[in-house]
Amino acid sequence: MELTDIIKAAFEKAYPGEDFSFVRVLPATDPKFGDYQCNDALKLSKKFRANPREVAAKVVACLPTSDVDVASPFAKVEIAGPGFLNLTVSTDWLNAQLTTLNAQSKCGIPQSGAGKKIVIDYSSPNAAKQMHIGHIRSTVIGNAIDRIFRSLGYEVIADNHLGDWGTQFGILIKGYRELLTQEERDNLSVPYLEKCYVLSAAKAKEEDGVWKESCKAELVKLQQGDPDNLALWRKFIDISIAEFNRMYAKLGVKFDTYRGESYYNDTMPGVVKRLQEMGLAVESEGALVVNLEEEKLGVAIVRKSDGGFNYTTSDLACVEMRVKEYDPERIIYVTDARQQLHFKQWFNIAGKMGVTAKLVHVPFGLMSFQGKAISTREGNLIKLDELLAEAKKRSLAIVESRQQPAGGVAVTAPVAEDSDGTGNDALAEAIGYGAVKYTDLSHDPITDIDFSWDKALALEGNSGPYLQYAYARVCSLLEKAGTYREPPSAAAGNSRLASAAGETHRGTGAFAVTTPSEKRLALQLLEFPGAVVRAAEAYKPSVLADYLFQTAQLYSSFYQNSPILKSEESVKNARLHLCALFGNVLKTGLGLLGIETPAHI
Ligand code: ARG
């Protein structure tokens, strides 16, 4: 039985017939208050106009006690201050909880999403452009939310809502035919498409307006289904998706569908017609608008004065299709915070049109790079590909420097050969890409963040490499102790990444928590399932990242304060068992953030 349920039962016994659904037991904010605390007697005292300490005492009197009732989890219950319950759990209870957690698959993550479906719309870059550093946040945050919800048992449809329709395609088609060389056309790539766009867009600004008009004409032909223009458009999209997929493969990101804006093209007129019939959309200065002044959301255009549709129309058409096709309980959109008004507006309109699925916008802040704002105008947009290459290069240098102590002899065991002949290639990718992701995920999405190489790749402090090293250290400890064997199937590939791909290790002994630092770690490990749930509820992978960082810190204080390999057999085994559980939690948690955990670094 959960601690919250036990305390709730005591409240119910003390005050029969009342609703105690608000009662919560939380980890103590400070160990000096015990292990857990419950502050809800205070709320009750207001209701009963009673002294809060008396209310608390009445509840305590209804708790199971360890001398009479063997099932009591508490070694000590104290009433503090204005009726706080400070709870200290018994070692037996703690060891039993650890055993249960250890036996559960996925480290006890509750399957609360079983039978529920959600759609996550993330990454969603615009076609015909290379992904740059600005695309990292939607991709990485969205993917972590995707993984977290899947781990809770939800059926997740990850949809990449590509920007694959609009005026830029008229400019591109015209430019492709007349401004690219035959050679460039034959070897068409995203960089050539970018070049084509820049050249053609510049010509579209010429005074006489001739080029601009013919770009428009190409766009109209495309919209009307002209086969040549459609084929070209398809080609541009296919090349763009192949390039995006190259980035996603590096980042370990997978989508279930790639339905871009174009997919909803044919249904937009119907949506607008319905908005008119419902009296929601009205003509205003030639455009069709939905007035949301009452909700303080301004006015949303759903058909421009030139008759064209816009981003709002496309999102409304898209949501209707998703609801019809998947009937999800929730749809989550991960985009930058500058789109907040857009989402508020169309969520409101969708509600009025009868969409009942919960619509969630997860906005994220801006990212600067090494202290400088990133802007297209300044020309300092770093390509994602280049950022990842640099991350790998820098990580490789760190890995190699750690393998070359004075005398130049490698300290790690020989490993399976990699493309560079050392096995370090895959390791550098795991560390470098992990560092980039963790920088993003360790901050609340809404905050603006600055990416700095020093912070991202720091081996100490709140960084991806710090957590990966913590994991590798546990693995080597367990290996040294001889309780941990690498699974043969995974080891056959790259032994350095074996444990990242294989089954997690599991100790065999029994838990026997003794020292205070051991207890702090044990209590923290029990919070893992709750941290995953909280991260999902808040749509903030940072909640999980914070939890993992704190856990690694508690592990390191346990490790420093409690001798392991030198302890006598039973203590040693119990501690190794706790180390293995920590390893599993860390590996599972980092996995939910999309970060690999090499067993050897
Ligand atoms: N393509 C858009 C951009 O680059 C993001 C699309 C987000 N998804 C959506 N359904 N609006 O900003």
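Everything below is about the structure printed above this text.
Rules of the game
- Residues numbered from 1 in each chain as written.
- Predicted model: local features only at pLDDT ≥ 70, side-chain atom pairs only at ≥ 80, totals over all residues.
- Heavy atoms only, no water.
- Helix = DSSP H or I, 4+ residues; strand = E, 2+ residues; numbered from the N terminus.
- Buried < 20%, exposed > 50% of the residue type's maximum accessible area, 1.4 Å probe, protein only.
- Contact = heavy atoms within 4.5 Å.
- Areas by Shrake-Rupley, 256 points an atom, 1.4 Å probe, with all protein chains shown as cover.
- Lys, Arg positive; Asp, Glu negative; His and termini not counted.
- Charge placed at Lys NZ, Arg CZ, Asp CG, Glu CD.
- Near = heavy atom within 4 Å.
- Nonpolar A, V, L, I, M, F, W, Y, C, P; charged D, E, K, R; others polar.
- Core = buried A, V, L, I, M, F, W, Y, C linked by side-chain atoms within 4.5 Å.
- 1 Å grid on protein atoms, 1.4 Å probe; cavity = no way out; pocket = protein on both sides within 12 Å on 5 of 7 lines; lining within 4 Å.
- Points joined across faces, edges and corners; volume = space filled by probe spheres on them.
- Pairing = 2+ DSSP bridges.
- Axes fitted to C-alpha atoms, helices over the stretch in contact; angles between N-to-C directions.
- Parallel < 35°, antiparallel > 145°, perpendicular 65-115°, else oblique.
- Left-handed = near helix turned anticlockwise from the far one by under 90°.
- Phe/Tyr/Trp six-rings, centres within 6.5 Å; stacked < 30°, edge-to-face > 60°.
- Lys NZ or Arg CZ within 6 Å of the ring centre and 35° of its normal.
- Arc of directions from axis to C-beta.
- Salt bridge = Lys/Arg side-chain N within 4 Å of Asp/Glu carboxyl O.

Right, let's talk about the overall build of the protein chain for a bit. Tallying secondary structure elements over the protein chain gives 23 helices and 13 strands in all. Projecting the C-alpha coordinates of the protein chain onto the three principal axes gives extents of approximately 90 × 75 × 40 Å. A buried classification covers 51% of the 601 residues belonging to the protein chain. Partitioning the contacts of the protein chain with sequence separation of at least 6, the portion at a separation of at least 24 is 73%. Carbon together with sulfur atoms contributes 52% to the accessible area of the protein chain, which is approximately 27,500 Å² in total. Side chains of the protein chain give 67 positive and 74 negative charges; the mean places of these two sets differ by 3 Å.

By nearness alone, every residue bordering the ligand is listed as Asp121, Ser124, Asn126, His161, Tyr311, Asp315, Tyr333, Thr335, Gln339 and Phe343. Protein chains bury 86% of the 350 Å² of accessible surface belonging to the ligand in isolation. Taken together, the elements giving at least two residues each to the shell around the ligand come down to helix H12 (311-326) and strand E10 (330-336). Within the shell around the ligand, the residues separate by chemical class into three nonpolar, five polar and two charged.

On to the nonpolar core, then. Counting residues in each nonpolar core, the largest one holds 139 residues, and the members touching the most others are Ile332, Leu387, Leu544 and Leu593. When sequence neighbours within four positions are dropped, the list of residues in contact with Leu593 reads Ala144, Arg147, Lys437, Tyr438, Leu441, Pro541, Leu544, Ala545 and Leu548. Membership of the second largest hydrophobic core comes to 32 residues, among which are Leu275, Leu316, Ile331 and Tyr333.

Right, let's talk about the layout of surface pockets for a bit. Considered as a void within the structure, the second largest pocket measures approximately 1,500 Å³ in volume. What lines the second largest pocket is a set of 42 residues, among which Pro27, Tyr36, Leu526, Glu527 and Gly530 lie closest to the centre. Elements supplying a minimum of two residues to the lining of the second largest pocket: helix H1 (3-14), strand E1 (26-27), helix H4 (91-103), helix H20 (516-526), helix H21 (528-538) and helix H22 (541-561). A class-by-class count of the residues in the lining of the second largest pocket yields 19 nonpolar, 12 polar and 11 charged.

Our focus in this paragraph is the environment of Glu183. By the element assignment, Glu183 lies in helix H7 (residues 182-186). Judged by relative accessible area, which is 51%, Glu183 ranks as exposed. With 152 residues separating them along the chain, Glu183 and Thr335 place their C-alpha atoms 37 Å apart.

It is worth spelling out the side chain of Ser314 at this point. With respect to the secondary-structure elements, Ser314 resides in helix H12. Leaving out residues up to four positions away in the same chain, Ser314 has contacts with His161, Glu261, Tyr264 and Met268.

This part is about the side chain of His135. By secondary structure assignment, the location of His135 is in the loop between strand E5 (117-121) and helix H5 (136-151). Not counting chain neighbours up to four residues away, the residues in contact with His135 comprise Pro125 and Gln130.

What follows concerns the sheet that holds strand E8 (residues 287-291). Spatially, the three strands line up as an open sheet ordered E7-E8-E9, and their pairing is antiparallel. The open sheet has two free edges, formed respectively by strand E7 (281-284) and strand E9 (299-303), since each of these has just one partner strand. The average angle at which neighbouring strand axes cross in this sheet is 45 degrees, direction not considered. With four bridges connecting them, E7 and E8 associate as antiparallel partners. Looking at E8, one finds that Glu283 is bridged to Leu288.

Contact geometry for helix H2 (residues 41-48) and helix H3 (residues 52-61): axes closest at 8 Å, N-to-C directions at 115 degrees. Classified by the angle between their axes, H2 and H3 sit roughly perpendicular to one another. The crossing of H2 and H3 is right-handed. The segment H2 lies against H3, with Ala41, Leu42, Leu44 and Ser45 engaging Pro52, Val55 and Ala56. Here the contact of H2 with H3 is built from residues that sort into six nonpolar, one polar and no charged.

In this section: the sheet that holds E5. If you walk across this open sheet you meet the four strands as E6-E5-E10-E11, and the pairing is parallel. In this open sheet, the two edge strands, each paired with only one partner strand, are strand E6 (155-159) and strand E11 (358-364). With direction set aside, neighbouring strand axes in the sheet form an average angle of 20 degrees.

With that settled, the discussion passes to the packing of aromatic side chains. What the rule picks out here adds up to 26 aromatic pairs. Ring centres 6.0 Å apart and planes at 50 degrees place the aromatic pair Phe343 and Trp346 in the tilted group. Remark: Trp346 and Phe343 occur in helix H13 (residues 340-352); sequence separation between them is three residues, near one turn of the helix. For Phe343, a relative accessible area of 2% corresponds to the buried category. Note on Trp346: relative accessible area 0%, which makes it buried. Judged by centre distance (5.7 Å) and plane angle (70 degrees), the rings of Phe343 and Phe347 are edge-to-face. Linking Phe343 with Phe347, this pair stays in helix H13, spanning four residues, or about one helical turn. A relative accessible area of 17% places Phe347 in the buried class. Of note, Lys174 hangs over the ring of Trp211, and the distance from its end group to the ring centre comes to 4.6 Å. The ring centre of Trp211 lies 5.0 Å from the NZ or CZ of Lys203, which sits over that ring.

Turning next to H2. All of the buried residues in H2 are Ala41, Leu44 and Ser45. The buried residues of H2 occupy an angular sector of 105 degrees when projected down its axis, which confines them to one face. Projecting away from the buried face of H2 at angles above 90 degrees are the exposed residues Lys46 and Lys47. Lining the buried residues of H2 we find H1 and H3. Positive backbone phi, at 50 degrees, marks Arg49, one or two positions downstream of H2.

Attention now goes to the pattern of salt bridges. Overall, the coordinates contain 33 salt bridges when judged by the stated rule. Taking the shortest distance from any N to any O, the salt bridge between Lys43 and Asp40 comes out at 3.0 Å. The exposure class assigned to Lys43 is partly exposed, which follows from its relative accessible area of 45%. A relative accessible area of 6% places Asp40 in the buried class. Lys352 is the partner of Glu295 in a salt bridge, and the nearest nitrogen-oxygen pair spans 2.7 Å. Pair noted here: Glu295 is in the loop between E8 and E9 and Lys352 is in helix H13, with a separation of 57 residues, a long-range link.

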